[in-house]
Each structure stands twice: as C-alpha cells, then as structure tokens.
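# Chains, contacts and geometry: an overview
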Amino acid sequence: MTQRPVCLITGGSAGIGAACARLAAPDYDLVLNYRASRSDAEAVQKDVEAAGAKCVIVQGDVANPDDIQTIFKAADDSFGRIDVLINNAGIVADAAPLTQIDHARLTRMMNVNVIGAILVAKEAVIRMQAQGDGGAIINLSSAAARLGSGNQYLDYAASKGAIDTFTKGLSDEVAPDNIRVMSVRPGIILTDIHGKGGQPDRAERLGPMVPMKRAGTAEEVAEAILWLASAKASYITGSALDVTGGR
Ligand code: NAP
C-alpha cells in the first residue's frame, strides 16, 4: 500500500492547528504537537482517526530545542517522512505599550514565535531534502506583521514580521529542492488565543470593524493553509496570504 503523505502540525491541540488537523485528516497522516493539554490533543486525535488518518500526538514546547528534537523523533519513528509542515504554534501576551514590555516577555515571545518556528522549519527541511521529493512549509504569520499592533502587542507583531521575512528567505533557499515555503497571515480569528492574551472578547469586539464586518473562523484559515499545502498551489512559494476579511 502506498504511504499517505505526512503532515506535522505544531500547536495542533487547539484553534487553527486543530482545524488544520481535522481538515487534513482525509488526505494526510498526522503528527500533532501540543504544549500543555494532552486531553485537547487526544480529542483532535480521536476525530482525525475517525476520518481515516493515522495520528501520533507528541508533547513539546517549541521554545525548547530538546523538545523540537522529541517532536521530530516521534515523526521519524511513526512515519519516517514529512511532506507538509504547518508551523503554527504561537503566543500573544497582554495588551501593553512598549514601556511596559520587559525582557522576560520579549524573550518568551521571540523564543516561541521566531526561534522555535525557525528551528522547527530547519528540522523539516533536513528531512524533506533527504527525502528528495519536495514538500511544503506553511508558517503562521499574522496581519499584525503589516499593522504593527502599536498599543496592543508590538512585540507579537514584530515576531510575525520576522516570520514573513524568514518565509521569503527560506523559500528562495529551498526552491531548487521543490520545497515550497509560504506564510499565512490570519486577521481576527475566533480562537482561544485572545483569552490567553487577556482579551477573551477581542474577536467579537473587533469583528464588526473588519471590512467584511465579522471575525473569521479557524476553519476558514485552515482551508487556505491546506490549499497552499496541496498540489493545487504547486507554483506558489515565498508568498504571504492574508486571510483577514479585508483587514
Ligand atoms: P490558540 O488557539 O491559542 O492555539 C495555539 C496552539 O499552539 C495551541 O495548541 C497551543 O497549545 C500551542 N502552543 C502555544 N505555545 C506553544 C509552544 N511553545 N509550543 C508548542 N505549542 C504551543 O491559537 P490560534 O489562534 O489557533 O493561533 C495559531 C497561530 O495563528 C499562532 O501562530 C498565532 O499567532 C496565529 N494567528 C492567530 C490569529 C487569531 O486571531 N487567532 C491571528 C493571527 C495569527 P497550549 O494551549 O497548550 O499552549
């Protein structure tokens, strides 16, 4: 039997990552990383297995290089290859002006959103280059990379700006290997990330200010991500795709 393509999702236990897993299940076997909630990851695993995917879940904090090795060892041991990386794990922090942002917050933000994402991509590229038959990497950026997010979380916005720049550079580097690298920039999306940043009602509150007059759903972002990952987007690399309702 031919092996199904394998998709690794960091932060696959909630929000956009979980929506990607559920949408991918008919077509991919899955490696789902989670940080804190094993029960949330197990709920996603149950759904995707019911849809026909093989799925392994693996705990790990992408800010920890040893944990990144653990995540990829799980992929190596379970499937022996990676075709698609959805580089999704990310954090925000409480809304604050720069004068109230300290070194500890900046270090955590950059370690998770930038250094973690870059090291995860590195491990995927090592494997995709060795496999020799291409691949796709979708990095989760944000509309904040364009907007700057002053007075909210400009550290988060700067981390996502770094992701867009990294996406372009890596896409050039690995294009000869037919490894495509894209970023998706969600706008205001209905997930729990806003509560984790101290504003549980943020998406409902700001949704009406979006040109399309509503917040988006995790499923709408997942559709864009899975399309970029697919052969239907075979001549796309280095691009940043806004999924923002026009914001
Ligand atoms: P979410 O609902 O908070 O889910 C984030 C996922 O990432 C969770 O599974 C979380 O697990 C995991 N995660 C967080 N830190 C991690 C770490 N250090 N190591 C491994 N996993 C970690 O967030 P989301 O809204 O789906 O966001 C997903 C991505 O989209 C993020 O990169 C975010 O910046 C980006 N984005 C979201 C929006 C939005 O409006 N929702 C807009 C623009 C961009 P734990 O809960 O266990 O930490």
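Attention here is on the structure that accompanies the text. Everything numeric in this text was worked out from a predicted model, so none of it was measured. (Residues numbered from 1 in each chain as written. Predicted model: local features only at pLDDT ≥ 70, side-chain atom pairs only at ≥ 80, totals over all residues. Heavy atoms only, no water.)

### A few points about the sheet that holds strand β1 (residues 6–9)
Taking strand neighbours across the sheet as the criterion, the 7 strands line up as β3-β2-β1-β4-β5-β6-β9 in an open arrangement whose pairing is parallel. The sheet terminates laterally at β3 (55–59) and β9 (240–243), the two strands that pair on one side only. Strand-to-strand, the axes of this sheet are offset by a mean angle of 15°, without reference to chain direction. Where β1 meets strand β2 (residues 29–34), 4 bridges bridge the pair, whose relative direction is parallel. Bridging from a neighbouring strand, L8 pairs with V31 of β2. Its contacts with the sheet put helix α3 (residues 65–78) on β1, β2 and β3, and the angle it makes with β3 is roughly 160°. (Pairing = 2+ DSSP bridges. Helix = DSSP H or I, 4+ residues; strand = E, 2+ residues; numbered from the N terminus. Axes fitted to C-alpha atoms, helices over the stretch in contact; angles between N-to-C directions. Contact = heavy atoms within 4.5 Å.)

### Overview of the site of the ligand
Among the 32 residues in the neighbourhood of the ligand, the closest are listed as I16, R35, Y156, T191 and K196. Contact between the ligand and K160: an oxygen atom at 2.9 Å from a side-chain N or O atom of the residue. Here G187 contributes a backbone N or O atom positioned 3.3 Å from an oxygen atom of the ligand. Starting from 880 Å² of accessible surface for the ligand in isolation, the protein chains cover 96%. Applying the majority rule of atoms within 2 Å of the grid points places the ligand in the largest pocket. Among the secondary structure elements, those contributing two or more residues to the shell around the ligand are α1 (15–24), α4 (103–131), α6 (154–174) and α7 (193–196). Per-element tally for the shell around the ligand: the top contributor is α7, with 3 residues. (Near = heavy atom within 4 Å. Polar contact = N/O pair within 3.5 Å; in protein donor to acceptor, adjacent residues only side chain to side chain. Areas by Shrake-Rupley, 256 points an atom, 1.4 Å probe, with all protein chains shown as cover. 1 Å grid on protein atoms, 1.4 Å probe; cavity = no way out; pocket = protein on both sides within 12 Å on 5 of 7 lines; lining within 4 Å. Sits in = over half its atoms within 2 Å of the grid points.)

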